[in-house]
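So you can see what is in the structure, the chains are spelled out below.
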Amino acid sequence: MQRLTPLFPMTDDDLLRYSRHILLPEIGIEGQEKIRAARVLVVGAGGLGSPASLYLAAAGVGCLVLADGDQVDLTNLQRQILHRHSGVGRNKVDSGHDALLDLNPHIQIMPLPQRLSGDELLAQVTAADVVLDCSDNFATRHAINRACVQARRPLVSGAGIRFDGQIAVFDSRQPQAPCYHCLFPEGEDVEEVRCATMGVFAPLTGIIGCMQAAEALKLIMNCGQTLTGRLQLLDALTMEWRSIRVPRDPACPVCGQHV
Ligand SMILES: [Zn+2]
């Protein structure tokens, strides 16, 4: 899965920029090189995609692909910290591109101003080392999951509504790991809840999005233990977490045949 490390070594500026990472024995030069060689697909440049992409860019992910078909709206700015007041009306991926490059000009940002689907989604998932689902609807979540299972790419899934957040990792490279569909079967009578109607606590998306970035970096470096097979649920009103083990469903129509 991992791309070869670029042939050119890190510059003195890079060594300074990433020095607080390199100091960590769990990361070091080797881990930072893996981050630099990685390509990450972030689907959604909203509440979750904002902190996730900002941290991935700051941490030095070599290639960030940002996909979103929406434009920046005034109602987004309460939580979508990638965007600025001056960016209202712009494509979110263009606003995001400028903000991320301003933070770290030594990485590549690929803005895709569209809702990814079909062959294009599969191609982008296949080209990525890790995929972040920062979308806001079940149809997209299931499409991303199917592509990740098919291409065998790890998926970091996050969601936040009202004061309730959740995050899980679905890593179909591991034979016993569940996929998103094992946990939330498609077609079940699940009510779609949207921020536009239900509301969302601003820092909740920040908390979950930052965790998505952390899990993505750990997957890239193969460092520590990821949330594979675990669903973390946050109630931000009490700031209490619950951790639920998620088994693989042997009858899952998406990942069942991939064992
Ligand atoms: Zn499954």
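If you're wondering where the values come from, they're calculated on a predicted model, not measured in any experiment. (Residues numbered from 1 in each chain as written. Predicted model: local features only at pLDDT ≥ 70, side-chain atom pairs only at ≥ 80, totals over all residues. Heavy atoms only, no water.)

Observations concerning the environment of Val254
Okay, so step 1: With respect to the secondary-structure elements, Val254 resides in the segment after β8 (240-245).
Okay, so step 2: For the pair Val254 and Cys179, spaced 75 residues apart in the sequence, the C-alpha separation amounts to 7.8 Å.
Okay, so step 3: Not counting the four nearest positions on each side in its chain, Val254 is found in contact with Asn145, Arg146, Val149, Cys179 and His181. (Helix = DSSP H or I, 4+ residues; strand = E, 2+ residues; numbered from the N terminus. Contact = heavy atoms within 4.5 Å.)

Description of the sheet that holds strand β5 (residues 155-161)
Okay, so step 1: One open sheet holds the eight strands; their spatial order is β3-β2-β1-β4-β5-β6-β7-β8, and the pairing between them is mixed. Two strands lie at the open edges of the sheet, namely β3 (108-112) and β8, each paired on one side alone. Neighbour to neighbour, the strand axes of the sheet diverge by 15° on average, direction disregarded.
Okay, so step 2: Here strand β4 (residues 130-133) pairs with β5 via three bridges, running parallel. By the bridge assignment for β5, Asp133 is matched with Ser157.
Okay, so step 3: Together, β1 (39-43), β4 and β5 form the strand contacts of helix α7 (residues 138-151), whose direction differs from that of β5 by roughly 170°. (Pairing = 2+ DSSP bridges. Axes fitted to C-alpha atoms, helices over the stretch in contact; angles between N-to-C directions.)

Honestly, that's just the spatial picture; any functional story needs more than this.
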